[in-house]
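Next come the chains, spelled out residue by residue.
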Amino acid sequence: MQIVILDGHGVNPGDMSWEPLKAFGTLSVYDRTDESMVEQRLRGAQIVLTNKVKLPREILTSSAASKLRFVGVLATGYDVVDIAAAREAGVTVCNVPAYSTEAVAQLTFALLLELSFGVGLHNALVHQGAWTASPDFCFWTRAPEELSGKTLGILGCGLIGSRVAQIGAAFGMTVIGCSRTPKPTFPGKCVDFETLLRDSDVLSLHIPATPDTVGIINRDTIAKMKDGAYLLNTARGVLLNEQDVADALASGKLAGVGVDVVSREPIARSNPLLAAPNCVITGHYGWAPKSARQRLIDITCENIRVFLAGTPQNVVNS
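Below is a short write-up of the structure. (Residues numbered from 1 in each chain as written. Predicted model: local features only at pLDDT ≥ 70, side-chain atom pairs only at ≥ 80, totals over all residues. Heavy atoms only, no water.)

1. Points about the packing of aromatic side chains
Cut-off, in case you're wondering: What counts as a ring pair is set by centres within 6.5 Å for rings of Phe, Tyr and Trp (its six-membered ring), and what kind of pair is set by the plane angle: stacked under 30 degrees, edge-to-face over 60, tilted for all other angles. Helical segments are the DSSP runs of H or I of at least four residues, strand segments are the runs of E of at least two, and each set is numbered from the N terminus. Each residue gets one of three labels from its accessible area relative to the maximum for its type: buried under 20%, exposed over 50%, partly exposed in between, using a 1.4 Å probe on protein chains only.
In this structure the tally under the stated criterion is two aromatic pairs. Measuring from ring centre to ring centre gives 4.9 Å for Phe70 and Phe307, while their planes differ by 45°; the resulting arrangement is tilted. You can see Phe70 sitting in strand β4 (residues 70–73) and its partner Phe307 sitting in helix α10 (residues 290–308), a full 237 residues away along the chain. Just as Phe70 is buried, Phe307 falls in that class too.

2. So, the sheet that holds β4
As a reminder, the rule being used: Pairing between strands is defined by DSSP: at least two bridges between the two strands are required. Only C-alpha atoms enter the line fits that serve as axes; for helices the fit covers just the stretch in contact. Angles between N-to-C directions range over 0 to 180 degrees.
The strand order across the open sheet formed by five strands is β2-β1-β3-β4-β5, and the pairing between neighbours is parallel. With one partner strand each, in any of the chains shown, β2 (26–29) and β5 (92–94) form the two edges of the open sheet. Each adjacent strand pair in this sheet contributes to an overall mean axis angle of 15°, direction not counted. The pairing of strand β3 (residues 47–50) with β4 spans four bridges and is classified as parallel. Across the sheet, residue Val48 finds its bridge partner in β4, namely Val71.

3. What about the environment of Gly252?
Positionally, Gly252 belongs in the loop between α9 (242–251) and β11 (254–259). The exposure class of Gly252 is partly exposed, given its relative accessible area of 42%. Counting along the chain gives 26 residues from Gly252 to Asn278, while the straight-line C-alpha distance between them is 9.9 Å.

4. Focus on the side chain of Asn303
Which entries qualify depends on this criterion: The term polar contact refers here to a pair of N or O atoms within 3.5 Å; inside protein, the definition further demands a hydrogen-donor-capable atom paired with an acceptor-capable atom, and it admits residues adjacent in sequence only when both atoms are side-chain atoms. Contacts are assigned to residue pairs with any non-hydrogen atoms lying within 4.5 Å of each other.
Take Asn303: it is sitting in helix α10. Given a relative accessible area of 2%, Asn303 falls into the buried group. Polar contacts involving the side chain of Asn303 include one to the side chain of Asn314, which spans 2.9 Å. Dropping the residues within four chain positions of it, Asn303 is found in contact with Phe70, Cys94, Asn95, Val96, Gln313 and Asn314.

5. Things to note about the environment of Asp15
Locating Asp15 in the fold gives a position in the loop between β1 (2–5) and β2. For Asp15, a relative accessible area of 31% corresponds to the partly exposed category. For the pair Asp15 and Met37, spaced 22 residues apart in sequence, the C-alpha to C-alpha distance is 26 Å. A distance of 2.7 Å separates polar atoms of two side chains, one belonging to Asp15 and the other to Arg293.

6. Notes on α10
What counts, and what does not: Working rule for helices: expected span equals 1.5 Å times residues minus one.
Here α10 spans 27 Å end to end across 19 residues, near enough to the 27 Å set by a 1.5 Å rise per residue. Residues of α10 that are buried in the fold lie against β3, β4 and β5. At the exit of α10 stands Gly310, carrying a positive phi of roughly 90°.

7. Some words on the sheet that holds β11
Strand order in the open sheet made by the seven strands is β8-β7-β6-β9-β10-β11-β12, with parallel pairing throughout. At either margin of the open sheet sits one strand with a lone partner, and together these are β8 (189–190) and β12 (279–281). The sheet contact formed by β11 and β12 spans three bridges and is parallel. Paired with Val257 across the strands is Cys279, a residue of β12.

8. Details of the side chain of Asp260
Applicable threshold: Neither His nor the chain ends contribute to the count of charged residues, in which Lys and Arg are positive and Asp and Glu negative. Counted as salt bridges are all cases of a side-chain nitrogen of Lys or Arg within 4 Å of a carboxyl oxygen of Asp or Glu.
Here Asp260 lies in the loop between β11 and β12. Salt bridges are absent for the buried Asp260, whose nearest opposite-charge side chain, Arg236, sits at 8.3 Å. Those residues in contact with Asp260 that sit more than four places away from it in its chain are Leu107, Leu111, Asn233, Thr234, Glu265, Thr282, Gly283, His284, Tyr285 and Gly286.

9. Some words on the environment of Arg43
Considering the arrangement of structural elements, one finds Arg43 in the loop between α1 (38–42) and β3. Each C-alpha atom, one on Arg43 and one on Gln2, is 9.7 Å from the other, the two residues being 41 residues apart in sequence. Excluding residues within four positions of it along the chain, Arg43 makes contact with Gln2, Ser63 and Ala64.

10. A short note on the state of the cysteines
Applied cut-off: Cysteine sulfur atoms are paired as a disulfide whenever they come within 2.5 Å of each other.
One pass over the structure, following the stated rule, counts zero disulfides. Distance from the sulfur of Cys178, which forms no disulfide, to the nearest cysteine sulfur (Cys157) is 6.9 Å. Judged by its relative accessible area of 11%, Cys178 falls in the buried class. Between Cys190, a cysteine without a disulfide, and Cys157, which holds the nearest cysteine sulfur, the sulfur-to-sulfur distance is 5.3 Å.

In short, the description is geometric, and any link to function would need to be established separately.
Pasting the structure below:
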């Protein structure tokens, strides 16, 4: 059994081991794979693991993929794989759900707390001498805000959205949520999308990127939000029309935005969010605590083991 990891560095930059995967066959690990090298590295492999390297139809139906039987996505989102083409080719595609729920929920509130209290901002100013130069015992450039009593709106009420809702409630926030399917265990009030936009003081996105959700936050939907609302995105960058969001920050319609993901990654120098006021940007690392990445590897190994045993799990193209 030949196993290939196309882009292993993101998951394991050297602080963990791929050794458990060797129990299933001969393992080749590439830190990164350019688009031009995918077919070459795929050739002869029965099992391929990818995080962000795309496997489109032309790759999955090429002669290089003739022996391919299993694609393991080293993530929860699986939009990097053409699911329909894989199904037609008889290739099973599995993802890794729920490995980063706690980490992403934690980052969501790290972004919100930075927007509402500015700890990082004020720490930097204090170290630069601004408090030393202050005539008063206290120092701030922007008054902090309490979260208690505000309404937290969650778009996408799955595992991560529900965990964010629980944390928001612990902060004393009123929690509302909107989801495409009923979520009876969601710890908040379920509302429609229009109500979510209208009533949220903080809107947090936890939905996948699909043809229906790409650009869902845009000039028109922002216009329906509260003046001075906060927007958080730890899901997929393409959910935002980034120029519209930057314009809303510049006009004051949005008071602040916190994102861990952008439309093109790594972020382009031309991305309008880089120059937008009160926009906190981190580098798609909400999933990256070592404990979460270890769970990802462990679940991936189990996905392969049960696939080989004839009882696949976490299949996304059945």
